[in-house]
There are 2 protein chains.
Amino acid sequence: MTNDQMSLFDAIYNCRAMRKLDTRDVPEADLKQLIDAANQAPSGSNMQNGRWIVVRDAAVKQKLADLNRGGVEAYIGPQAERPGSLPHQSEEKRKRMLNSVIWQMEHMHEIPALIIACMEYGQKVDATVAQRGGGSLWPGIQNLLLAARAMGLGAAPTTLALNDQDKVREALNMPDTMAALCLIPVGYPLGKFGPVTRKPVEDIMRFDQWS
Amino acid sequence: MTNDQMSLFDAIYNCRAMRKLDTRDVPEADLKQLIDAANQAPSGSNMQNGRWIVVRDAAVKQKLADLNRGGVEAYIGPQAERPGSLPHQSEEKRKRMLNSVIWQMEHMHEIPALIIACMEYGQKVDATVAQRGGGSLWPGIQNLLLAARAMGLGAAPTTLALNDQDKVREALNMPDTMAALCLIPVGYPLGKFGPVTRKPVEDIMRFDQWS
């Protein structure tokens, strides 16, 4: 089921990261619907300081794709040398994830919409400020990912393009009071939707105290 | 509609922060279902390093309630003096939010379950480490809040109890490689569910560049 009536739990349990996306345009109304869903999430003290930029312009997408390439190449190097480094993930699965990150790197400029999740800090963003506020933005990012899933759109969050905030600000013409915390390429999926696989809940929860 | 079949969009648009909660117990299976939903969210590099503690024990709840009281009193002081400080929020609405934060402070030890969202960093948490990783935990917190809404449970995220991580670690018997990033009291709501109100989407989104 891929429509506005998908149940919450179906969306949550089938919201796999979708990186291989078609070049086909996504209707503007659907992109606005994603941001509107993101905008409903809570923020610290109800500050509502999340900001969202939906990039469709070819030149801006190319700049972000170039920034992403630098970030991916720096990330893939060490990762490729330790494909079995996460004990809960098989080597084959890890390789498949890295392959799709590389596919995304090669095709990012062709993906119909790159959504940038930003924060408005109300003051110049320095190294201290930039560490704050994620708790006021990532709930909205999750709303956006779930909404995309229910609407039959593929999406996956990444931060690899955003290491150099000065360059990101220049590409997006953002003031120095804003920072970009996440990039979400969005489009119609080339692959199939499916369930996510996670560690068993017994491994990650306890009652009353951790140990 | 308050059941497992609630649509994703109904959950997203009606997930108001619910702070006034009944003392009535929440079935253990429902609490596990919340954590299982949280556990489906994405994490950076699929590290799956989110951890969840569901506190029902009276003594542990009291310790967290005491820590929360200190945080709330430090927060409410400056807030109460500027009830109109957020231009998008009416003074009356702001006061209502602060009143419910105070209600929560007075009753936290009686709320049936206090869920603590934690990160496992795999190394001793110092000031630098503690700033990282929120993007791998807050998507799960949002899943949990949406799942609670669909199940007819009230919830609201807060961080005010968690300023002193050493004391939190002691209360929860957590190793020094873990940190607690969010506390979510969960129970049956005393108030009514309803739609959230947010800034209009035009205020928080742009196409292609911010300005």
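Residues numbered from 1 in each chain as written. Chains lettered and ligands numbered in written order. Predicted model: local features only at pLDDT ≥ 70, side-chain atom pairs only at ≥ 80, totals over all residues. Heavy atoms only, no water.

Chemist: Please clarify how the overall build of chain A should be interpreted in this entry.
Modeler: Secondary structure summary: chain A contains seven helices and five strands in total. In terms of C-alpha radius of gyration, chain A reaches 18 Å, essentially the compact-globule figure of 17 Å for 211 residues. Considered along the principal axes of its C-alpha atoms, chain A spans approximately 45 × 45 × 40 Å. Sequence-distant contacts, at least 24 apart, represent 83% of the contacts inside chain A between residues at least 6 apart. Of the roughly 8800 Å² of accessible surface on chain A, 49% is carried by carbon and sulfur atoms. (Helix = DSSP H or I, 4+ residues; strand = E, 2+ residues; numbered from the N terminus. Rg over C-alpha atoms; globule rule 2.2 N^0.38 Å. Contact = heavy atoms within 4.5 Å. Areas by Shrake-Rupley, 256 points an atom, 1.4 Å probe, with all protein chains shown as cover.)

Chemist: Would you take a moment to explain the side chain of asparagine 46 of chain B for this structure?
Modeler: With respect to the element layout, asparagine 46 of chain B can be found in the loop between helix H2 (28-38) and strand S1 (50-55). A polar contact of 3.2 Å, which involves the side chain of asparagine 46 of chain B, links it to the side chain of glutamine 48 of chain B. (Polar contact = N/O pair within 3.5 Å; in protein donor to acceptor, adjacent residues only side chain to side chain.)

Chemist: Honestly, the sheet that holds S1 of chain B in this entry has me stumped. Any pointers?
Modeler: Sheets are built from strands paired through backbone hydrogen bonds, the pairs being either parallel or antiparallel. Across the sheet, which stays open at both edges, the five strands sit in the order S5(A)-S1(B)-S2(B)-S4(B)-S3(B) with mixed pairing between neighbours. Looking at the sheet topology across the chains shown, the edges are occupied by strand S5 (205-207) of chain A together with strand S3 (154-155) of chain B. Across eight bridges, the pairing between strand S2 (residues 113-120) of chain B and strand S4 (residues 178-187) of chain B is antiparallel. Considered in S4 of chain B, the bridge of alanine 117 of chain B is made with cysteine 182 of chain B. The sheet strands contacting helix H5 (residues 138-150) of chain B are S1, S2, S3 and S4 of chain B, and the helix crosses S4 of chain B at an angle near 10 degrees. (Pairing = 2+ DSSP bridges. Axes fitted to C-alpha atoms, helices over the stretch in contact; angles between N-to-C directions.)

Chemist: So what exactly am I meant to see when it comes to the relation of the copies chain B and chain A here?
Modeler: Two chain copies here: they are related by a rotation about an axis and a translation along the same axis. You can overlay chain B on chain A at an RMSD of 0.0 Å; the transform is a turn of 180 degrees with a shift of 0.0 Å along its axis. The relationship between the two copies is best expressed as a two-fold rotation axis. Mapped onto chain A, 100% of the interface residues of chain B again fall at the interface, so both copies present the same surface. (Least-squares fit on C-alpha atoms with pLDDT ≥ 70 in both.)

Chemist: Would you mind going over the nonpolar core with me for this structure?
Modeler: General note: in soluble globular proteins, nonpolar side chains tend to be found buried as a group. Of all hydrophobic cores here, the largest spans 84 residues; its most connected members are Leu34, Trp52 and Ile184 of chain A together with Leu34, Trp52 and Ile184 of chain B. The residues touching isoleucine 184 of chain A, leaving out its near neighbours within four places in the chain, are Trp52, Ala113, Leu114, Ile115, Ala117, Ile141, Leu144, Leu145, Ala155, Ala156 and Pro157 of chain A. In this structure, Val55, Ile111, Ala161 and Met174 of chain B belong to the second largest nonpolar core, which totals 22 residues. (Core = buried A, V, L, I, M, F, W, Y, C linked by side-chain atoms within 4.5 Å. Buried < 20%, exposed > 50% of the residue type's maximum accessible area, 1.4 Å probe, protein only.)

Chemist: I'm lost on the packing of H2 of chain B against H5 of chain B in this one. Help?
Modeler: Two measures define how a pair of helices packs: the angle their axes make with one another and the distance between the axes. All names here are of chain B. Two elements in contact, H2 and H5, have axes whose closest approach is 7 Å; the angle formed by their N-to-C orientations is 140 degrees. It follows that H2 is oblique to H5 by the angle criterion. Relative to H5, H2 is oriented so that their crossing is right-handed. Taking contact as the criterion, the partners of Leu34, Ile35, Ala37 and Ala38 in H2 are, on H5, Gly140, Asn143, Leu144, Ala147 and Ala148. For the contact of H2 with H5, a count of residues per class yields seven nonpolar, two polar and no charged. (Parallel < 35°, antiparallel > 145°, perpendicular 65-115°, else oblique. Left-handed = near helix turned anticlockwise from the far one by under 90°. Nonpolar A, V, L, I, M, F, W, Y, C, P; charged D, E, K, R; others polar.)

Chemist: Please clarify how the side chain of asparagine 49 of chain A should be interpreted in this entry.
Modeler: Residues and elements named next belong to chain A. Within the secondary structure, asparagine 49 sits in the loop between helix H2 (28-39) and strand S1 (50-55). Looking at asparagine 49, the relative accessible area reads 13%, which means it is buried. Residues within four places of asparagine 49 in sequence aside, it is in contact with Ser43, Cys118, Met119, Glu120 and Ser136.

Chemist: What is the right way to read unusual backbone geometry from this model?
Modeler: Keep in mind that most residues, glycine aside, have a negative phi and that most peptide bonds are trans. For asparagine 46 of chain A, which is not glycine, the phi dihedral falls at a positive 50 degrees. For asparagine 46 of chain A, a relative accessible area of 14% gives the class buried. Residue asparagine 173 of chain B is not a glycine yet carries a positive backbone phi of 50 degrees. With respect to the secondary-structure elements, asparagine 173 of chain B resides in the loop between helix H6 (165-172) and S4. Residue asparagine 173 of chain B is classed as partly exposed on the basis of its relative accessible area of 37%.

Chemist: Looking at this structure, how should I read the interface of chain B and chain A?
Modeler: Accessible area lost when the parts come together is the quantity often used to give the size of an interface. Contacts between the two partners involve 73 residues from chain B, matched on the other side by 73 residues from chain A. Ranking the residues of chain B by area buried against chain A places Arg198, Asp208 and Trp210 of chain B at the top, with a combined share of 11%. Linking chain B to chain A there are zero salt bridges. At the boundary of chain B and chain A, one finds 40 residue pairs in polar contact (both at pLDDT 80 or more). In terms of residues, the side of chain B that touches chain A owes the most to one element, H5 of chain B, which gives eight residues. (Buried area = accessible area lost by both parts, 1.4 Å probe. Salt bridge = Lys/Arg side-chain N within 4 Å of Asp/Glu carboxyl O.)

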